[in-house]
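As a plain string of letters, each chain reads:
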Amino acid sequence: MLLLTFHIPLTCHPIHSSDVFHSFANVMLSHKLTVCAGKVRWQDFDQDQYVGATVVRPGQDPYARNKFNQVESDKLRMDRAVPDTRHDHCRHKQWKSDLPASSVVITFHNEARSALLRTVVSVLKKSPPHLVKEIILVDDYSDNLSGVYLGQTLSIVYIAVLVLMFPLGLMRSRVRGADAATAPVLTFLDSHCECNDHWLEPLLERVAEDKTRVVSPIIDVINMDNFQYVGASADLKGGFDWNLVFKWDYMTLDQRRARQGNPIAPIKTPMIAGGLFVMDKEYFEQLGKYDMMMDVWGGENLEISFRVWQCGGSLEIIPCSRVGHVFRKQHPYTFPGGSGTVFARNTRRAAEVWMDEYKNFYYAAVPSARNVPYGNIQSRLELKKRVGCKPFKWYLENVYPELRVPDHQDIAFGALQQGGNCLDTLGHFADGVVGVYECHNAGGNQEWALTKDKSVKHMDLCLTVVDRTASSLIKLQGCRENDSRQKWEQIESNSKLRHVGSNLCLDSRSARMGGLTVEVCSQSLSQQWKFTLNLQS
């Protein structure tokens, strides 16, 4: 796509929407480090006028446009105080003075003006000026010129606004911003963030020491309903299940103990959330930027995480860096074909390029993904070969050993789900009963396998029918080969578990009164069970 560049004269003549959108390509508005006529410092910026232009009208749904409460967002001042959520040790730490400057790239599509403004102002207010060479706002085909107005009005470091003339989606928009960046380090932020005190220095220091490090702050939570700023736990790492959906994992007990002597040490993480990270620009380009064939949003954090680790880099969460982020339950983007299809396409591209034979566990967890076309991946496979990247087996063994890999004896694996609840040991051991508990997607007490010899196993314990009569309790007992009390089979399209010796089905109807039982098989919802992964049809 052709890129047209327009330099705004230092007299700062106004730009009208027609001047921009009548162009058939990108428009880049560049403002140099000058306080020029018609420009103001951010401290003097007229927030009320800027935000008021897109205020939610009486009777309108405040969640409709941004999928968060815009009314509450619009009430906040652009430089509101947020709690310093860092560890005490961070407040006394001295950061290196000769750190490289960064280009801050913020992409957005129809972002609430108040949220975008707070993001930009927090970067300006909370960052040493010499470390922010420029802020690049990439407007991914919004229907108002929120970013352009900021760029032409604020007198700040160096601000560029790229207005995309048709929607490119998150990944391609970020690459546009990165390509325009002139600093040696890239900082990617979402457009609904608030940077905390001294957030940038610890990130830049880690990258300056080793350019193959890709680093992320601890991401604090900005409540989507009332915009309260809440500090996040420092004991979390990014991870995923075989459905390849990102989740937060608590560090293991051993990992937490190892950090007691230095609680602010960098945290190695198998995956980053994707919205907020810092990376050396040259290394970003060397590693293939983003997969430009991915659409709209979703799966990009998975792909870049696999790629960085498998191709010689590392991912870290830096506890002394804190940035708040509005976590939404939905996305305001339009997804051609539906969000599920777009996410599956993107995720399948990542799986096909980086996961080798382990991609089959993804397809077992999400069988419908096999039917989603994923396009041509030849250039990504050539990149993988050219850079000399390691196999996914290495990643599982060295980066994410906590992710349980199904055994070759398993025919089904993972959580055994019934609606929003999962089969759970409830912390019991041999001769204990089992129950159901809200699914937490963290394995542990909710991790089970159905083996080829028909055992339902949790570690070395198996579901056992002690009394082969209806309504008898299921017990956990040590697994024994050829014990008929421990033999189960999936029936009715893998939706039920039937005990072979009694022909009774696993049932949760009495879970609250004592534990799971076996009952005469029926169409009752209390007998509907589904493994996360079914490894054979």
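What counts, and at which threshold
Residues numbered from 1 in each chain as written. Predicted model: local features only at pLDDT ≥ 70, side-chain atom pairs only at ≥ 80, totals over all residues. Heavy atoms only, no water. Helix = DSSP H or I, 4+ residues; strand = E, 2+ residues; numbered from the N terminus. Buried < 20%, exposed > 50% of the residue type's maximum accessible area, 1.4 Å probe, protein only. Areas by Shrake-Rupley, 256 points an atom, 1.4 Å probe, with all protein chains shown as cover. Core = buried A, V, L, I, M, F, W, Y, C linked by side-chain atoms within 4.5 Å. Domains from an automatic or database assignment. Salt bridge = Lys/Arg side-chain N within 4 Å of Asp/Glu carboxyl O. Disulfide = S-S within 2.5 Å. Pairing = 2+ DSSP bridges. Phe/Tyr/Trp six-rings, centres within 6.5 Å; stacked < 30°, edge-to-face > 60°. Patch = residues over 30% accessible without salt bridge, like charges linked within 9 Å, V, L, I, M, F, W, Y side chains within 5 Å. Contact = heavy atoms within 4.5 Å. Polar contact = N/O pair within 3.5 Å; in protein donor to acceptor, adjacent residues only side chain to side chain.

(A) Structural detail: the overall build of the protein chain. The secondary structure content of the protein chain amounts to 15 helices and 26 strands. Looking at the protein chain residue by residue over its 537 residues, the buried ones come to 55%. Surface summary for the protein chain: the accessible area is close to 23100 Å², and the carbon and sulfur share equals 52%.

(B) Broad picture of the nonpolar core. Ranked by internal contacts, the top residues of the largest apolar core, which has 60 residues, are Phe240, Trp242, Phe306, Phe392 and Tyr395. When residues of this core are assigned to domains, at least three fall in each of domain 1 (42–326) and domain 2 (410–534). Residues Val104, Trp199, Leu203 and Ile318 belong to the second largest nonpolar core, which totals 41 residues.

(C) Main features of the pattern of salt bridges. Per the counting criterion, the structure on display carries 41 salt bridges. Of the charged contacts in the structure, one is a salt bridge between Lys126 and Asp197, with a shortest N-O distance of 2.6 Å. With Lys126 in helix α5 (residues 113–126) and Asp197 in the loop between β7 (193–195) and α8 (200–209), this residue pair connects regions lying 71 residues apart in the sequence. The shortest N-O distance in the salt bridge between Glu489 and Lys454 comes to 3.9 Å. Placement of Glu489 in strand β22 (residues 488–491) and of Lys454 in the loop between β18 (448–451) and β19 (456–458) is noted, with a sequence separation of 35 residues between them. When salt bridges with common partners are traced through the structure, they connect Lys96, Arg206, Glu209, Arg213, Lys268 and Glu316 into a single cluster.

(D) Representation of the environment of Glu481 within the structure. Here Glu481 shows up in the loop between β21 (472–478) and β22. For the pair Glu481 and Asp453, spaced 28 residues apart in the sequence, the C-alpha separation amounts to 8.2 Å.

(E) Region of interest: the state of the cysteines. What the rule picks out here adds up to five disulfides. Two residues, Cys462 and Cys479, share a disulfide whose sulfurs are 2.0 Å apart. Note on the Cys462 and Cys479 pair: the S-S dihedral is about 100 degrees, so by sign convention the disulfide is right-handed. Taken as a pair, Cys462 in strand β20 (residues 461–465) and Cys479 in the loop between β21 and β22 lie far apart in primary sequence, 17 residues in all. No disulfide involves Cys193; its sulfur sits 6.7 Å from that of Cys195, the nearest cysteine.

(F) Just the pairing of β22, in detail. Pairing of β22 with strand β23 (residues 496–499), which is carried by four bridges, proceeds in the antiparallel orientation. Bridged to Gln490 within β23 is Leu497. Connecting β22 to the next strand, β23, in antiparallel fashion are four residues, including Glu492 with a positive phi near 50 degrees.

(G) Region of interest: the packing of aromatic side chains. Evaluated as defined, the whole model comprises 17 aromatic pairs. Relative to Tyr395, the ring of Phe240 has its centre 6.5 Å away and its plane inclined at 20 degrees; by these criteria the two rings are stacked. Of this pair, Phe240 sits in strand β10 (residues 236–240) while Tyr395 is found in helix α15 (residues 392–398), placing the two residues 155 residues apart along the sequence. In this structure, Phe240 and Tyr395 share a single accessibility class: buried.

(H) Geometry of helix α11 (residues 300–310). Among the 11 residues of α11, 11 are classified as buried, and the element is accordingly described as predominantly covered. Restricting attention to buried positions, one finds in α11 the residues Glu300, Asn301, Leu302, Glu303, Ile304, Ser305, Phe306, Arg307, Val308, Trp309 and Gln310. Positive backbone phi, at 105 degrees, marks Gly312, one or two positions downstream of α11.

(I) Just a nonpolar patch on the surface, in detail. Together, Val221, Val230 and Phe327 make up an exposed nonpolar region whose accessible area comes to about 200 Å². The residue Val221 is located in strand β8 (residues 213–222) in this model. Using a relative accessible area of 35% as the deciding quantity, one classes Val221 as partly exposed.

(J) The pairing of strand β5 (residues 159–163), seen in detail. Of all five residues making up β5, five are buried, and the element is well covered by its neighbours. Alternating residues of β5 divide into Ile159, Val161 and Val163 and Ala160 and Leu162, and every residue in both groups is buried. The sheet contact formed by strand β4 (residues 132–139) and β5 spans five bridges and is parallel. Residue pairing for β5: Leu137 is matched across the bridge by Val161.

(K) Representation of helix α7 (residues 170–180). With respect to burial, α7 is a largely interior element, nine of its 11 residues being buried. Within α7, the full set of buried residues consists of Leu170, Met171, Arg172, Ser173, Arg174, Val175, Gly177, Ala178 and Ala180.

(L) Here's a closer look at unusual backbone geometry. Even without being a glycine, Asp356 presents a positive backbone phi close to 50 degrees. Mapped onto the elements, Asp356 comes out in the loop between α12 (339–354) and α13 (359–365). One non-glycine residue, Leu426, lies in the positive phi region at around 60 degrees. Structurally, Leu426 is set in the loop between β16 (421–424) and β17 (435–438).

(M) Region of the structure containing the environment of Phe227. The topology assignment puts Phe227 in the loop between β8 and β9 (229–230). For Phe227, a relative accessible area of 1% puts it in the buried group. A sequence separation of 158 residues divides Phe227 from Asn69, and the C-alpha atoms of the two residues are 8.1 Å apart. In this structure, Phe227 is in contact with Phe68, Asn69, Glu72, Ser73, Leu76, Arg80, Arg118, Ile222 and Val326, ignoring residues within four places of it in sequence.

(N) How the structure looks around the side chain of Lys126. The exposure class assigned to Lys126 is buried, which follows from its relative accessible area of 16%. At 2.6 Å, the side chain of Lys126 and the side chain of Asp197 are in polar contact. With sequence-adjacent residues up to four places away left out, Lys126 is seen in contact with Cys195, Asn196, Asp197, His198 and Trp199.

(O) A look at the environment of Val82. As for its position among the elements, Val82 is in the loop between α3 (70–75) and α4 (88–91). When the C-alpha positions of Val82 and Tyr229 are compared, they lie 6.5 Å apart, and in sequence the two are 147 residues distant.

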